[in-house]
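One letter stands for each residue in the lines below.
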Amino acid sequence: MRQYKQKRQQILDLEAKMHFSYDMGETLTEDDRLVDQILNKIRNKYKNDQINIIIHDFFKNQKTLKDSELYSILDIMPKGGLHHLHTTAAPSVDFYIQLTYNEAVYFNEREKLFKVSPKGLDEDGYIKCTELRRFSASAEEFDQKLRNYIRMTPEECASKESHEIWTHFQHKFTLINDLGKYKDFFKLILHEVLQKCAAQNIFVVELRHIFGMLFDDDRNPVSLEEEIKLIDDQVKHIQQDIPYFRLKLIITGLKIVGKQHIRKMIANIIEGEKYSNLIAGFDLVNEEDFSPPILEFLTDIMEGKNLDKKSKMPCFFHCGETHDRTNQNVYDALLLNSKRIGHGFQLFLHPHLQQQVKQKDICIEVCPISNLLLGYTTDLRIHPVRFMLHRGLQASISSDDPGFFGYEGVTLDYVYAFLAWDLDIKDLKKLSLNGIIYSSLDKEHKDYLISDVFEKKWKEFIEIVLEKFQGA
Ligand SMILES: [Zn+2]
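Residues numbered from 1 in each chain as written. Predicted model: local features only at pLDDT ≥ 70, side-chain atom pairs only at ≥ 80, totals over all residues.

Named according to an unreviewed UniProt entry, the protein is Adenosine deaminase originating from Stylonychia lemnae.

If you want it as structure tokens, here you go:
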């Protein structure tokens, strides 16, 4: 019996050592362990009383979870970095609704498109939102209609295959395009998004951003230099209260728009680097199985890396957001030295690539709720990245397009991951630290965030939780 138990313990120890957060064990304080117990108790209560909350209707249950004790705890927990967030899909739906109260906003009911034109618009089908609102039965009825166009609805997601969901999802970006690109609104949006992220104790935000799309009051394009200055100003605004806060931009090309657009984004990176240090690198987006593969843009990417004398154009590819075994984007992401991997869902089909990801110390930007709503998994408990964490691959938690999914920031993704993946305090600490470690910040600021800011903020967080929940 003694021998059996020894053998058993050996296996347990071996597995524990493989786990992605193993090295956090020795950093835990007695208070950290007490908070772990509190969190465990909360999760057990869900397991006993509301086990279905993470499986069933997201749209109904997200409200219950947002109002929960668990949410309030994870909301104040330091989250080193938010690595994967698309600029125009980041603000809340209600923030967009507020913008439609501006006289410059028009809506085309037939096309389901907004247009912003401060100096008036005489285009077939477009009527001012303020007028449409006046002619509706009530302002609330009109706003609710817009809300349902902008965000994903249960009908658009439930029991559907990913491609079917994407047909609705992709249109959301087109629908709000003008709202997000009008210069004055863009400033407001960016300010709102950064502030909400900072309020969730996120230290660095890395936005997937499309350069060169902004327009002014006359609908003339805003120069890249001005766009960057405008972004810089918003960051400085946040830094007045939170000096350590940082923003980085991953310039993102739309594969479906074509090579010319992709080349433009690469050129923008090289030009933009002259004006600022905001730019982290390059990425390509769109529904993976229904857009050209990374390989199709290989020449342009290689050329970009050569032309970018400053940083060799680091890449942060969306890849593996698919179930299709023939999709090979993950191979190219690795060969092109992608710094991080956006989603990486399909890595579960590639054991060799998983080894590579581990060896090269590449972080997977996992977006639990996005994967759930876009139909890549129907149950987060069996999300592939969970298994990869147990094999020692590193990940960070992101929200992708929270505005379209009905929330802001990334706290709700932590709530889902915590419940679905049985995360403990070591795991949470590691995920948060990974946000800094695998960010695009320079070494000096990373070191400062880890050794000064994180330690202090983590201690504060633990103290608040103990004060509020110990003995409760
Ligand atoms: Zn994305």
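Having seen the model, we can carry on.
**Student:** Before we go on, may I ask you to explain the overall build of the protein in this structure?
**Tutor:** Within the protein, the regular secondary structure consists of 21 helices and eleven strands. For the protein, whose C-alpha radius of gyration is 23 Å, the value lies close to the compact-globule estimate of 23 Å for 472 residues. The principal-axis extents of the C-alpha atoms in the protein amount to approximately 85 × 55 × 45 Å. Burial statistics for the protein: of 472 residues in total, 44% are counted as buried. (Helix = DSSP H or I, 4+ residues; strand = E, 2+ residues; numbered from the N terminus. Rg over C-alpha atoms; globule rule 2.2 N^0.38 Å. Buried ≥ 20, exposed ≤ 12 C-beta atoms within 10 Å, placed from the backbone.)

**Student:** Explain the sheet that holds strand β5 (residues 202–209) here, please?
**Tutor:** Adjacent strands of a sheet form backbone hydrogen bonds with each other and so pair up, either parallel or antiparallel. Pairing within the open sheet is parallel, and its four strands lie in the order β1-β5-β6-β7. Of all the strands in the sheet, the pair left with one neighbour each is β1 (79–86) and β7 (279–285). Put simply, the sheet's adjacent strands are angled 20° from each other on average, direction ignored. In this sheet, β5 lies alongside β1 in parallel orientation, the contact comprising five bridges. Residue pairing across strands places G81 opposite V204, the latter belonging to β5. Running at roughly 70° to β1, helix α20 (residues 425–437) makes contact with β1 and β5 of the sheet. (Pairing = 2+ DSSP bridges. Axes fitted to C-alpha atoms, helices over the stretch in contact; angles between N-to-C directions. Contact = placed C-beta atoms within 7 Å.)

**Student:** Would you mind showing me how to read the sheet that holds strand β10 (residues 363–366) here?
**Tutor:** A sheet is described by the order of its strands in space; here four strands give the open sequence β8-β9-β10-β11, paired in parallel fashion. Since the sheet does not close on itself, it has two edges, and those belong to β8 (318–319) and β11 (394–397), each with one partner. Where strand β9 (residues 340–343) lies against β10, three bridges are found, and the strand directions are parallel. Bridging from a neighbouring strand, I341 pairs with I364 of β10. Strands in contact with α20 are β10 and β11; relative to β11, the strand with the most contacts, it is inclined by about 90°.

**Student:** Mind showing me how you'd approach the packing of α20 against helix α21 (residues 443–469) here?
**Tutor:** In a packed pair of helices, the relevant descriptors are the angle between the two axes and the axis-to-axis distance. It is at 10 Å that the axes of α20 and α21 come closest, and there the two elements cross at 150°. With respect to each other, α20 and α21 are oriented roughly antiparallel. In terms of crossing hand, the pair formed by α20 and α21 is right-handed. Contacts from K429, L433, I436 and I437 in α20 reach K446, L449, I450, F454 and W458 in α21. Of the residues that constitute the contact of α20 with α21, the class distribution is seven nonpolar, no polar and two charged. (Parallel < 35°, antiparallel > 145°, perpendicular 65-115°, else oblique. Left-handed = near helix turned anticlockwise from the far one by under 90°. Nonpolar A, V, L, I, M, F, W, Y, C, P; charged D, E, K, R; others polar.)

**Student:** Just to check I follow, could you spell out the environment of G406 for this structure?
**Tutor:** In this fold, G406 is placed in the loop between α18 (402–405) and α19 (411–420). Residues contacting G406, with those up to four places away along its chain left out, are F59, Q62, V93 and R151.

**Student:** What exactly am I supposed to notice about the nonpolar core here?
**Tutor:** Nonpolar side chains in soluble globular proteins generally cluster together in the buried interior. V205 and V415 are the most contacted members of the largest nonpolar core, which totals 124 residues. In this structure V205 touches L82, L85, L194, C197 and L247, once residues within four positions along its chain are discounted. (Core = buried A, V, L, I, M, F, W, Y, C linked by C-beta atoms within 7 Å.)

**Student:** Can you help me understand helix α2 (residues 30–49) in this one?
**Tutor:** Since the α-helix turns once every 3.6 residues, residues separated by three or four places project in the same direction. Compared with an ideal rise of 1.5 Å per residue, which puts 20 residues at 28 Å, α2 spans 29 Å between its outermost C-alpha atoms and is within 8% of the ideal. For α2, the complete set of buried residues consists of D32, V35, I38 and L39. All buried residues of α2 project into a common sector of 120° when viewed along the axis, lining one side. The exposed set on the far side of α2, more than 90 degrees from its buried face, consists of E30, Q37, K41, N44 and N48. Against the buried residues of α2 lie α20 and α21. (Expected span 1.5 Å × (residues − 1). Arc of directions from axis to C-beta.)

**Student:** Would you mind showing me how to read the environment of F95 here?
**Tutor:** Its location among the elements puts F95 in helix α5 (residues 93–99). Taking the C-alpha atoms as reference points, F95 and K457, separated by 362 residues in sequence, lie 29 Å from one another.

**Student:** Looking at this model, I keep getting lost on the packing of helix α10 (residues 183–199) against helix α11 (residues 224–241). Mind explaining?
**Tutor:** At a minimum axis distance of 10 Å, the contact between α10 and α11 shows a crossing angle of 35°. Pair α10 / α11 crosses with right-handed handedness. Packed against α10, whose contacting residues are K187, L190, H191, L194, Q195 and A198, the element α11 presents L230, I231, Q234, V235, H237 and I238 at the interface. A breakdown of the residues in the contact of α10 with α11 according to their chemical character gives seven nonpolar, four polar and one charged.

**Student:** Would you explain the UniProt feature "domain: Adenosine deaminase" (unreviewed entry) in the protein in this entry?
**Tutor:** The UniProt record annotates "domain: Adenosine deaminase" (unreviewed entry) at residues 161–455. Helix makes up 51% of residues 161–455 and strand 13%, and the two end C-alpha atoms of the span are 43 Å apart. (UniProt positions renumbered as here; feature names shortened; annotations may be inferred.)

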